[in-house]
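Architecture and fold: a report
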Protein chains: 2
Amino acid sequence: MERIRAKYYIETPYELEKAAQVLAGEQSSGTFVEIPGETEELKSRFAARVESITPLETVTEPAIPGAKSPTGKYQRAMLEVSWSIENFGYNLPVLISTLQGNLYEITQFTGLKLMDIEFPESYSEAFKGPRFGIEGCRGLTQVYKRPLIGTIIKPSIGLSPEQTAELVKTLAEAGIDFIKDDELLSSSANSPFAKRVNAVMKVINDYADKTGKKVMYAFNISSEIDEMQRNYDKIVQSGGTCAMISLNSVGISAAKKICDNGALAIHGHRNGWGMMNRHPLLGIEFPAYQKLWRLAGVDQIHVNGIQNKFWESDDSVVRSIEACLKPMFGGFSVLPVVSSGQWGGQAPETFRRTQTVDLLYMAGGGIMGHPFGPTGGVKALHQAWEGAVEGLSVEQAAEKYLEFRKSVEKFGKK
Amino acid sequence: MERIRAKYYIETPYELEKAAQVLAGEQSSGTFVEIPGETEELKSRFAARVESITPLETVTEPAIPGAKSPTGKYQRAMLEVSWSIENFGYNLPVLISTLQGNLYEITQFTGLKLMDIEFPESYSEAFKGPRFGIEGCRGLTQVYKRPLIGTIIKPSIGLSPEQTAELVKTLAEAGIDFIKDDELLSSSANSPFAKRVNAVMKVINDYADKTGKKVMYAFNISSEIDEMQRNYDKIVQSGGTCAMISLNSVGISAAKKICDNGALAIHGHRNGWGMMNRHPLLGIEFPAYQKLWRLAGVDQIHVNGIQNKFWESDDSVVRSIEACLKPMFGGFSVLPVVSSGQWGGQAPETFRRTQTVDLLYMAGGGIMGHPFGPTGGVKALHQAWEGAVEGLSVEQAAEKYLEFRKSVEKFGKK
């Protein structure tokens, strides 16, 4: 029978083998009462199995509150556990409760982070996965051989539909590929969802009629399920190509239901992620997280960015991009969304470390605030990526390309 | 215009006022570009407002990774921020993105925990809230003036529907009020959901016909939204009174949709909670968390238990119970579910500290493993609570009550 394997980074004041067995027990048939004649069969079918334990460093202070060490030492390790899919089948929420449920409460651990998950082959048939992914999003925007260049409407909240549409017009004419709502805005007092779609899609459709280029706009449909579906349908009817969902705020059951419609590329925003990831020994790492959302059918997912304005290290961002670009079951393609403090100056380093242009690269001020205006800003981003792929440094690219040089002068490190 | 207020426990290497403004900016209209003629009006309508900052202790090591302090000191504080409901209306996911979104990523904080939320009065009309709550769950089980006594089917996973039903029969005859599936089981290879409902409800309905007492069974419907709805309907058609949802695994959009059916009491399981709460300066505290789920319509919610087997302190459990018992808008009643390592010996302390019997008190081994069998186990729990309400200590209650004395001898601290 197929099994799902999960890898955890753990810390425990106890013996590793014992702590691992507590986890496996808590998350499956642990406290077996005797059922006449069947106990051993049940155990071998349904019990979680500790596959491997790799001891790592020991420390003298626990990472998070838990049992006190009798020896004063806390042992860290990488732990692999597996479950038969007979336990949960293809039920994502029950799978999540199994991999990320009560185990975070176990006092025998003073640190526990889910690092990665391996799914068996049959999951590729049970789930449709992303309907568009990298190639699909390229097809919808007609952008090839370079990152899609995107931006976020700012201010996050407060603009009327007409003001938003005016900005979209400016950005479309500047050559942008992608625009998104901020996650703080779905339907506000002065920008009701349907009115914003009407105003924005009129601009986008007109521009597409004129030029053949249809800007992808990710409208934030995050809401209760019925309203999400209504908003999704509104986008489809209006000729839009993308909907945005705040994954953690909406939850996987409703998000998957929306993804299953299959008519729009789904932009997966990961706001709230810091809560689950910021501590090095609590929560979940991105390689595991993004797999769950690919199963659910998300086409684009946020990975933060190199030299970002948030707390995350470049190494972590690189790992996230690499995780997205690694095929699942030879497919289930998802487009990494690079954002946070990006203006193009990070392109050389991003390319150097990831060797990919399969990105949605989002910049805010770097576009709207460019000395030559938004057209110059979009051009500077194209140049940044051309330079990056040519292997140029920021300085070399600035020398070669005028608009990018202006960006460096304005946005580069002083 | 009505506002929502949130209270955060923060830590920052910077000046408190500056850090607070970064949060307010990031989570609303912070990076305002100039929109001719409207900027000030927009700001005053949509900007988050820092309501108060209460400085607390300083420390020399950051709680979680973030910006390095130039002074070597990290200042903690309680911070209150408010938003106009014009920003998100009654959209729970967008509200969550506002209160618990990118703010966890801000490098200017080396600790951030959402402590509490205050909702304006109009939320009481926009949301139906729990349809049953404490009084409704008492009505469905006909249990008054004492806690509902419940148990969890163990082993968590592996039993057939017939074996489960057999256990339910034993427990019903022992006088139990409530039984639940484990969160690891919804539909497994050897216990498909519908078959389990059929087998279990036959026992429960037969017993109710005979005695007038209908045991409440919380079937775990956690799944994708369509399957959850089918499973919910199956329970209703079979005469069941309760469905269980793993809140964090399913997500709030789908959970609310199910709650809105209004035909079953919803048992809200919080597995995964440790990930969001275990670190003292990252995530969310239960008083805030349970309010969101009451808005969504959950009737029962897990609060762990006094002297539990997990990591959580008694103080924290008491705060959680108190949070549940505090009315929202004068109502929105939710029943706190006490579980984890409970066997009755914790009843005196639980009552002493909370002065309530409005609880669903869950015990496992304390019932099935009682020396007189399950009937003795249930009786011992009733006695434990009678003793608790009389103000007896564990020792005094053990002296007075035979079955409870046997529990103390078997399960009490050696």
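Okay, so let's go over this structure. (Residues numbered from 1 in each chain as written. Chains lettered and ligands numbered in written order. Predicted model: local features only at pLDDT ≥ 70, side-chain atom pairs only at ≥ 80, totals over all residues. Heavy atoms only, no water.)

Take the relation of the copies chain B and chain A next. Taken as rigid bodies, chain B and chain A are interconverted by a rotation of 180° and an axial shift of 0.0 Å, the fit giving an RMSD of 0.0 Å. The two molecules are tied by a two-fold rotation axis, judged by turn and shift. By C-alpha distance to the rotation axis, the residue of chain B lying nearest is B:G251, at 1.8 Å. The overlap is high: 100% of the interface residues of chain B also sit at the interface in chain A, so the same surface is used on both sides. (Least-squares fit on C-alpha atoms with pLDDT ≥ 70 in both. Contact = heavy atoms within 4.5 Å.)

What follows covers the layout of surface pockets. Residues and elements named next belong to chain A. Estimates place the volume of the second largest pocket at around 820 Å³. As for the second largest pocket, its lining consists of 36 residues, of which I152, K154, K309, G341 and G364 are closest to the centre. Within the residue set of the lining of the second largest pocket, elements represented by two or more residues are β5 (148-152), α6 (161-173), β11 (300-304) and α15 (365-368). In terms of residue count, the dominant contributor to the lining of the second largest pocket is α15 (three residues). Tallied by class, the residues present in the lining of the second largest pocket amount to 13 nonpolar, 15 polar and eight charged. (1 Å grid on protein atoms, 1.4 Å probe; cavity = no way out; pocket = protein on both sides within 12 Å on 5 of 7 lines; lining within 4 Å. Points joined across faces, edges and corners; volume = space filled by probe spheres on them. Helix = DSSP H or I, 4+ residues; strand = E, 2+ residues; numbered from the N terminus. Nonpolar A, V, L, I, M, F, W, Y, C, P; charged D, E, K, R; others polar.)

The next subject is the packing of aromatic side chains. Residues and elements named next belong to chain B. Using the criterion set out here, one finds 28 aromatic pairs over all chains in the structure. A centroid spacing of 5.7 Å and a plane angle of 85° characterise the contact between W273 and F286, whose relative ring orientation is edge-to-face. Of this pair, W273 sits in helix α11 (residues 273-277) while F286 sits in helix α12 (residues 286-296), and the two are 13 residues apart along the sequence. Like W273, the residue F286 is buried in the burial classification. (Phe/Tyr/Trp six-rings, centres within 6.5 Å; stacked < 30°, edge-to-face > 60°. Buried < 20%, exposed > 50% of the residue type's maximum accessible area, 1.4 Å probe, protein only.)

Let us now look at the packing of helix α6 (residues 161-173) of chain B against helix α7 (residues 193-211) of chain B. The description of two helices packed together rests on the angle between their axes and the distance between the axes. All names here are of chain B. Packing of α6 against α7 leaves a shortest axis separation of 8 Å and a crossing angle of 25°. One element, α6, and the other, α7, form an angle in the roughly parallel class. The hand of the α6/α7 crossing is right-handed. Every residue of α7 that contacts α6 at P161, T164, A165, V168, K169, A172 and E173 is listed here: K195, R196, A199, V200, V203, I204 and Y207. (Axes fitted to C-alpha atoms, helices over the stretch in contact; angles between N-to-C directions. Parallel < 35°, antiparallel > 145°, perpendicular 65-115°, else oblique. Left-handed = near helix turned anticlockwise from the far one by under 90°.)

Here we take up the pairing of strand β8 (residues 242-246) of chain A. All names here are of chain A. Of all the five residues making up β8, five are buried; the element is thus mostly covered by neighbouring parts of the structure. The side-chain alternation of β8 yields two buried faces, one formed by C242, M244 and S246 and the other by A243 and I245. Of the pairings in the sheet, the one linking strand β7 (residues 216-220) to β8 comprises three bridges and is parallel in character. By the bridge assignment, A218 is partnered in β8 with C242. Sheet topology note: the β8/strand β9 (residues 265-269) ladder contains five bridges and is parallel. Bridging from a neighbouring strand, M244 pairs with H267 of β9. (Pairing = 2+ DSSP bridges.)

In this fold, B:F46 is placed in helix α2 (residues 39-46). The class for B:F46 is buried, based on a relative accessible area of 0%. When the C-alpha atoms of B:F46 and B:G297 are compared, they prove to be 28 Å apart, with 251 residues separating the residues in sequence. In this view, B:F46 contacts A:I157, A:G158, A:S188, A:N190, B:S28, B:S29, B:E86 and B:N87; residues no more than four positions away in its chain are not counted.

Next up on the list: the pattern of salt bridges. Think of it this way: side chains of opposite charge can pair up when their charged atoms draw near. The full count for this structure, using the stated rule, is 52 salt bridges over all chains. With a shortest N-O distance of 2.7 Å, B:R76 and B:E11 are connected by a salt bridge. Of this pair, B:R76 sits in strand β3 (residues 74-84) while B:E11 sits in strand β1 (residues 3-12), and the two are 65 residues apart along the sequence. In the salt-bridge network here, residues are joined through shared partners; they are A:R5, A:R49, A:E51 and A:E80. (Salt bridge = Lys/Arg side-chain N within 4 Å of Asp/Glu carboxyl O.)

Right, let's get into the interface of chain B and chain A. Residue-level contacts link 83 residues of chain B with 83 residues of chain A. Counting each side, the surface lost to burial between chain B and chain A is near 6800 Å², with a carbon and sulfur contribution of 56%. Three residues, B:E105, B:M275 and B:R278, lead the burial of chain B against chain A; their summed loss comes to 13% of the area buried on that side. Here chain B and chain A share six salt bridges between them. Of the charged contacts, one joins B:K257 and A:D226 as a salt bridge, the two residues approaching to 2.8 Å between their closest N and O atoms. One can count 42 residue pairs in polar contact (both at pLDDT 80 or more) joining chain B with chain A. Elements that contribute at least two residues to the side of chain B that touches chain A include exactly α2, α3 (92-100), α8 (225-237), α9 (247-250), α10 (252-259), α11 and β10 (282-284) of chain B. Here the element with the most residues in the side of chain B that touches chain A is α3(B); it accounts for six residues. (Buried area = accessible area lost by both parts, 1.4 Å probe. Polar contact = N/O pair within 3.5 Å; in protein donor to acceptor, adjacent residues only side chain to side chain.)

With that settled, consider the sheet that holds strand β1 (residues 3-12) of chain A. Sheet strands line up and pair through hydrogen bonds in the backbone, either parallel or antiparallel. Residues and elements named next belong to chain A. Pairing within the open sheet is mixed, and its five strands lie in the order β2-β3-β1-β4-β10. The sheet is open, and its two edges are formed by β2 (49-59) and β10 (282-284), each paired on a single side. The average undirected angle you get between the axes of adjacent strands in this sheet is 15°. Summarising the sheet, β1 and strand β3 (residues 74-84) pair through 10 bridges and their orientation is antiparallel. Across the sheet, the residue bridging to I4 is W83, located in β3. Across the sheet, helix α12 (residues 286-296) touches β4 (111-118) and β10, and the angle it forms with β4 is around 50°.

Time to look at the sheet that holds β10(B). Residues and elements named next belong to chain B. Here we have five strands laid out as an open sheet, ordered β2-β3-β1-β4-β10, and mixed in their pairing. Where the open sheet ends on each side, the last strands, each with one partner, are β2 (49-59) and β10. Looking at each pair of strands side by side, their axes are set apart by 15° on average, direction ignored. Its contacts with the sheet place helix α1 (residues 16-26) against β1, β2, β3 and β4 (111-118), and it is angled at close to 130° to β2. Its contacts with the sheet put α12 on β4 and β10, and the angle it makes with β4 is roughly 50°.

Here we take up helix α10 (residues 252-259) of chain A. Summarising burial for α10(A): seven of the eight residues are buried, a large majority. Among all positions in α10(A), only A:I252, A:S253, A:A254, A:A255, A:K256, A:I258 and A:C259 are buried.

With that out of the way, let us pick up the nonpolar core. In terms of nonpolar packing, the biggest core is built from 231 residues, with A:Y8 and B:Y8 touching the most fellow members. Sequence-distant contacts of A:Y8, defined by excluding residues within four places in its chain, comprise A:A77, A:M78, A:L79, A:V81, A:W83, A:T98, A:L99, A:L103, A:L112, A:K113, A:L114 and A:M115. (Core = buried A, V, L, I, M, F, W, Y, C linked by side-chain atoms within 4.5 Å.)

This part covers empty space enclosed by the protein. Under the counting rule described, the total for this entry stands at four cavities of 30 Å³ or more. Together, 30 residues line the largest cavity, and A:N248, A:M276, B:N248, B:S249 and B:M276 are the ones closest to its centre. Looking at the lining of the largest cavity, the elements that each hand over two or more residues are α3 (92-100), α9 (247-250), α11 (273-277) and α12 of chain A together with α3, α9, α11 and α12 of chain B. Grouping the constituent residues of the lining of the largest cavity by class yields 18 nonpolar, 12 polar and no charged. By volume, the second largest cavity amounts to about 50 Å³. Forming the walls of the second largest cavity are 13 residues, and the residues nearest its centre are B:P155, B:S156, B:L159, B:T164 and B:L185. Class assignment for the residues of the lining of the second largest cavity results in six nonpolar, five polar and two charged.

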